[in-house]
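Chain by chain, the residues run as shown.
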Amino acid sequence: MELTEKAPAKINLSLDAISRHLDGQYEWEMVMTSVDLADYVRLTPTRSATITLRTNSGFLPVDQRNLALQAALLLQKTARVTTGASIMIDKHIPVAAGLGGGSTDAAAVLRGLNSLWRLKWSPAKLAQLGAAIDSDVPYCVYSQTALVTGVGDQIHLLPKLPPFGVVLAKPRVGISTSRLLRRINDVSQLTHPPVATMVRAIEQADYSGIVNNMGNALATVSQQYYPQIAHVQRQMLRFGADAVQMSGSGPTVFGLCTKYSRAQHIFNSMKGFCRDVYLVRPL
């Protein structure tokens, strides 16, 4: 049997770093949602216990630096599975973009191998395991709009978002989240967005409340080192986005539009500024 798991990209409608633990991990409050830009992870069982990874992207490692391979090995060890798998990642999400590409691939591997190996683990159990791989993996196991707290391990699912279009634009830089976080000396100096207000807006299906309460505590830090981010944001607003924001640690910027026709116009206009531009919708 062979199966394919869809691994959708995520965006952060709201992202706040609350504190930093002594071990270096951050305490987060984030509102995340997934969009229909996705990788596809194909899983094939093998008779041996070996797990192998291939990808169509030259930018991804295929050894244990890859989160998807880490996820497969961890699940195999934890569940005491004696068979292996061949993993092929068909990559569409840009790498080092703030869209959770590595984490969503890892989550897709956990979901897929859970089915392939007939483990019958719950999403909550898979998410708990995924927290040991990366802070975005637990959310990506669900890939539904959610409030994410703790070190990324606490997932509180939220209602479906009202309809709107999303334009993603990635400047030609890549950002290492871990390297960026090491540049933050004091989280109290960050700009903290109103996460609770964003949650209420989503619960009330209030689009204006969503766009008026977007915020990313990491944005000023990323923009300090990568001014291209602010330039892309200005262009998106100039072309008519209702609101714009950096996703994750960047550099990808996304713009929201209540009218899909306007989102199409922004998408076409942004192609002159960025190579990687996508027109998507929330899942």
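Residues numbered from 1 in each chain as written. Predicted model: local features only at pLDDT ≥ 70, side-chain atom pairs only at ≥ 80, totals over all residues. Heavy atoms only, no water.

Asks: Would you explain the overall build of the chain in this entry?
Replies: A tally of helices and strands in the chain yields ten helices and eleven strands. Taking 19 Å as the expected radius of gyration for a compact globule of 283 residues, we find that the chain reaches 18 Å, a close match to that expectation. Summarising its shape, the C-alpha atoms of the chain cover approximately 55 × 40 × 35 Å along the three principal directions. Here the contacts in the chain between residues at least 6 apart in sequence split such that 73% fall between residues at least 24 apart. When the accessible surface of the chain is summed, it comes to about 12,700 Å², and 49% of that surface belongs to carbon and sulfur atoms. Of the side-chain charges in the chain, 28 are positive and 19 negative, and the distance between the mean point of each set is 7 Å. (Helix = DSSP H or I, 4+ residues; strand = E, 2+ residues; numbered from the N terminus. Rg over C-alpha atoms; globule rule 2.2 N^0.38 Å. Contact = heavy atoms within 4.5 Å. Areas by Shrake-Rupley, 256 points an atom, 1.4 Å probe, with all protein chains shown as cover. Lys, Arg positive; Asp, Glu negative; His and termini not counted. Charge placed at Lys NZ, Arg CZ, Asp CG, Glu CD.)

Asks: Can you help me understand the sheet that holds strand β9 (residues 243–246) in this one?
Replies: Each strand in a sheet pairs with its neighbour through backbone hydrogen bonds, running either in the same direction (parallel) or in the opposite one (antiparallel). On the basis of which strands lie adjacent, the open sheet formed by four strands has the order β9-β10-β7-β11 and antiparallel pairing. Taken across any chain shown, the strands that pair with only one partner, and hence form the sheet edges, are β9 and β11 (276–280). For this sheet, the mean angle separating the axes of adjacent strands, direction not counted, is 20°. Direction of pairing for strand β7 (residues 165–170) relative to β11: antiparallel, over a ladder of five bridges. Its bridge partner being in β11, Leu-168 is matched across the sheet by Tyr-278. Together, β7, β10 (253–257) and β11 form the strand contacts of helix α10 (residues 260–270), whose direction differs from that of β11 by roughly 170°. (Pairing = 2+ DSSP bridges. Axes fitted to C-alpha atoms, helices over the stretch in contact; angles between N-to-C directions.)

Asks: What is the right way to read the side chain of Thr-145 from this model?
Replies: For Thr-145, the location among the structural elements is in the loop between α4 (137–142) and β5 (146–150). Reaching out from Thr-145, the side chain makes a polar contact with the side chain of Thr-33 at a distance of 2.8 Å. Not counting chain neighbours up to four residues away, the residues in contact with Thr-145 comprise Met-32, Thr-33, Tyr-139, Leu-157, Leu-158, Pro-159, Leu-161 and Ile-202. (Polar contact = N/O pair within 3.5 Å; in protein donor to acceptor, adjacent residues only side chain to side chain.)

Asks: Would you take a moment to explain the nonpolar core for this structure?
Replies: Across soluble globular proteins, nonpolar side chains show a tendency to be buried alongside one another. Leu-75, Ile-87, Val-109, Leu-113 and Met-236 are the most contacted members of the largest nonpolar core, which totals 73 residues. Looking at this core element by element, the count peaks at seven residues for helix α2 (residues 101–116). Leaving out residues up to four positions away in the same chain, Met-236 has contacts with Val-167, Leu-168, Ala-169, Ala-241, Val-244, Val-253, Phe-254, Gly-255, Ile-266 and Met-270. In this structure, Ala-9, Val-195, Leu-256 and Tyr-278 belong to the second largest nonpolar core, which totals 29 residues. (Core = buried A, V, L, I, M, F, W, Y, C linked by side-chain atoms within 4.5 Å. Buried < 20%, exposed > 50% of the residue type's maximum accessible area, 1.4 Å probe, protein only.)

Asks: Would you take a moment to explain helix α1 (residues 67–78) for this structure?
Replies: Because the α-helix completes a turn every 3.6 residues, residues three or four places apart line up on one side. For α1, spanning twelve residues, the distance from its first C-alpha to its last is 16 Å, which sits close to the expected 16 Å at 1.5 Å a residue. For α1, the complete set of buried residues consists of Leu-67, Ala-68, Leu-69, Ala-71, Ala-72, Leu-75 and Gln-76. Its side-chain oxygen placed 2.8 Å from the backbone nitrogen of Ala-68, Asn-66 serves as the N-cap of α1. Within two residues after α1, Arg-80 carries a phi angle of roughly 55°, on the positive side. (Expected span 1.5 Å × (residues − 1).)

Asks: Mind showing me how you'd approach helix α3 (residues 123–130) here?
Replies: Along α3, the positions that sit buried rather than exposed are Leu-126, Ala-127, Leu-129 and Gly-130. Viewed end-on, α3 has its buried residues packed into an arc of 160°, placing them on one side of the element. (Arc of directions from axis to C-beta.)

Asks: Would you mind showing me how to read the environment of Leu-53 here?
Replies: Looking at the element boundaries, Leu-53 is found in strand β3 (residues 51–55). Measuring from C-alpha to C-alpha, the distance between Leu-53 and Asp-63 comes to 7.5 Å, with ten residues separating the pair along the chain. Apart from the residues within four sequence positions on either side, Leu-53 is in contact with Pro-61, Val-62, Asn-66, Leu-69, Ile-87 and Ile-89.

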